[in-house]
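Each chain is listed here by its residues.
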Amino acid sequence: MQLSVKKGNAAREKTEALIGVFFEGAKQPEGALKGLDTALKGKISALLKSGDAKGKPNEVSLVRTDGLISSPRLFLIGLGKKDKLQPETLRQVAGTAAKVLKKYRLGAGTILLDTFLTPKFSPEALGEGVAEGARLGAYAFERYKTVREEPKKELEKITLLTDRLNPARIERGVRIAETVTDSVYRVRDLISEPSNEVTPPKLAAVAKEIGRKTGIKVTVLEKEAIQKLGMGGLLGVSRASHEGPRFIIMEYNLSQKKRPLFVFVGKGITFDTGGISIKPANNMEQMKYDMSGAAAVLGTLEAAARLKLPFRIVGLAPTCENMPGGHAYKPGDILKALNGKTIEVKNTDAEGRLILADALSYAQRYKPNAVIDLATLTGACIIAVGNFVIAGMTNNDRLLKKVIQSGESSGERVWQLPLWEEYSELIKSDIADIKNTGDGTAGTITGAAFLKEFVDYPWVHLDIASRAWTEKDLPYIPKGATGIGVRLLLSFLRNWKA
Ligand code: BES
Ligand code: ZN
Ligand code: ZN
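Note that the structure is a prediction, hence the values are computed from the model and not measured.

Rules of the game
Residues numbered from 1 in each chain as written. Chains lettered and ligands numbered in written order. Predicted model: local features only at pLDDT ≥ 70, side-chain atom pairs only at ≥ 80, totals over all residues. Heavy atoms only, no water. 1 Å grid on protein atoms, 1.4 Å probe; cavity = no way out; pocket = protein on both sides within 12 Å on 5 of 7 lines; lining within 4 Å. Points joined across faces, edges and corners; volume = space filled by probe spheres on them. Nonpolar A, V, L, I, M, F, W, Y, C, P; charged D, E, K, R; others polar. Pairing = 2+ DSSP bridges. Helix = DSSP H or I, 4+ residues; strand = E, 2+ residues; numbered from the N terminus. Polar contact = N/O pair within 3.5 Å; in protein donor to acceptor, adjacent residues only side chain to side chain. Contact = heavy atoms within 4.5 Å. Donors = N, O, S within 2.8 Å, 3.2 Å for Na, K, Ca; no water. Tetrahedral: all angles 85-135°; square planar, octahedral: opposite > 155°, others 65-115°. Salt bridge = Lys/Arg side-chain N within 4 Å of Asp/Glu carboxyl O. Buried < 20%, exposed > 50% of the residue type's maximum accessible area, 1.4 Å probe, protein only.

Draft legend 1. Inspection of empty space enclosed by the protein at higher detail. In the structure shown here, the tally under the stated rule is one cavity of 30 Å³ or more. If you add up the space inside the largest cavity, you get close to 40 Å³. What lines the largest cavity is Val21, Phe22, Phe23, Ala26, Gln28, Pro29, Glu30, Leu33, Thr115 and Leu117. The class makeup of the residues in the lining of the largest cavity is seven nonpolar, two polar and one charged.

Draft legend 2. Here's a closer look at the sheet that holds strand β17 (residues 434–435). Taking strand neighbours across the sheet as the criterion, the three strands line up as β12-β13-β17 in an open arrangement whose pairing is mixed. Each end of this open sheet is capped by a strand with a single partner; those strands are β12 (334–336) and β17. Judged from the two bridges that link them, strand β13 (residues 342–344) and β17 form a sheet pairing that is parallel. Counted as the bridge partner of Glu344 is Lys435 from β17.

Draft legend 3. Local environment of the side chain of Thr394. By the secondary structure assignment, Thr394 is in strand β15 (residues 390–394). Of note is the side chain of Thr394, whose polar atom sits 2.8 Å from the backbone nitrogen of Asn396. Within polar-contact distance, the side chain of Thr394 engages the backbone oxygen of Trp459 at 2.6 Å. When near neighbours in sequence (up to four residues on either side) are disregarded, Thr394 contacts Leu400, Gln416, Leu419, Trp459 and Val460.

Draft legend 4. Looking closely at the coordination of the zinc ion (ligand 3). The coordination sphere of the zinc ion (ligand 3), as far as protein atoms go, consists of Lys267 (NZ), Asp272 (OD), Asp290 (OD) and Glu351 (OE), spread over 2.0 to 2.4 Å. With six donor atoms in place around the zinc ion (ligand 3) and angles of 78 to 173° between them, the coordination shape is octahedral. Sequence positions of the residues that donate to the zinc ion (ligand 3) give the spacing K-x4-D-x17-D-x60-E.

Draft legend 5. Structural detail: the pattern of salt bridges. Using the criterion set out here, one finds 28 salt bridges in the structure. Linking Arg169 and Glu124 is a salt bridge whose minimum nitrogen-to-oxygen distance equals 2.9 Å. With Arg169 in helix α5 (residues 167–192) and Glu124 in helix α4 (residues 123–138), the pair connects residues that are 45 residues apart, well separated along the chain. As a salt-bridge pair, Arg186 and Glu209 come within 3.5 Å of each other at their nearest N and O atoms. One end of the pair, Arg186, is in helix α5; the other, Glu209, is in helix α6 (residues 200–214), with 23 residues separating them in the sequence. Residue Arg186 is classed as buried on the basis of its relative accessible area, which comes to 17%. Here Glu209 falls in the partly exposed class, since its relative accessible area comes to 26%. Beyond isolated ion pairs, a larger network of salt bridges with shared partners links Glu88, Arg91, Glu132, Glu412 and Arg487.

Shown next, in the form of structure tokens:
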């Protein structure tokens, strides 16, 4: 879907639909809607007066324009209360606009920026928020639909129209949103693809392609190199799969020695059967999204490079399948991670932490200022926090605070769970240094306590199991892969102050 910015008059705009917004409780059209109301002979006033359109967040009303203006229809979308207006409101409303255009099978629409009446945002921020929401809301994964019930019209273009604001400044925000959402699209595509398509070698090939396009240095380690290094976790988990493991290393800007260095690590299980501790058949197909962390890391590196962010950034993505079979690793096996620690495997379904153990150990060689890992690590995370927030745990509260703030500004919110020493007691093993499960309590935290054994730098663990997939359509996240993490990490980088 293309976005463009245009200066011009709403009543004369030739498009399939205009989209305007208004605050909850407005009894009459304000600002830019006033002029449009006059052109429409009071249709907007009548609608607001009737009480049918209340302006609740993301509520949509249709106004037929009966030839009074150039566009045949006007959608009015509620912004909610004026004092609650945030960047997230912009994204949600614009996402709702894209959704409505899709629902009506329209190919194009025009969002009236002047109706936002928001001195609260700079034109850049307004352009970025609206463009980001519109683009994210317009996303669809339809590659495998070959039979369509009716001729389908794609949503091809959304125009951001303004008469009062500086279009060049709006444009600047829109270009950033385009770069960011290009990467979110890529990440959502990678996650939505089934595991027979997105295999570990395929994920590595995509990383390579990103490298070619952006200049990021991409190195892919295959089984022999992984063995030589001593990544016992990744080797163990991948043993039964016919798809070999890969360890993906992406390095951006590393020669700029004075710049802060961040490492992002993503869990890349392209399919999680549970292995010998096999999962129930019900919903197992969802486990193609167990590589959401790795995909987010690839997408973040891509966008960071295209935005030319002034940091050194490393992306690490251990990737493999977790399969049962004659060669599979088994409960009771003992694996040795890259940092030399021994791990007793209690449950082969707690595999994410095993491959992350190697990746987090590998991260130490960069002497990073901060490391953030993203992983669909535990089902317990969904039980603990539902589907509204990412669970964050850390060995450095200051760092996690920054991540939480980035969550507020990006709309990819993070909530802290404790990671006290007590929890580490739960993963002590009788026979090895640690074991890969706790006692069944605090599953999300014991997962993090396990990872903590492999870090010696400021670190945040984000369990994204709760947010990587949505069963419901959200204002700017259609049902399915959310692409969570990319916008959070980019906002973390863009907000960074040491
Ligand atoms: N990939 C799963 C976690 C998961 C479950 C993500 C549901 C998204 C939705 C992970 O590998 C797993 O199976 N974890 C186990 C850990 C347990 C054995 C300690 C779990 O959550 O049950
Ligand atoms: Zn698992
Ligand atoms: Zn898993």
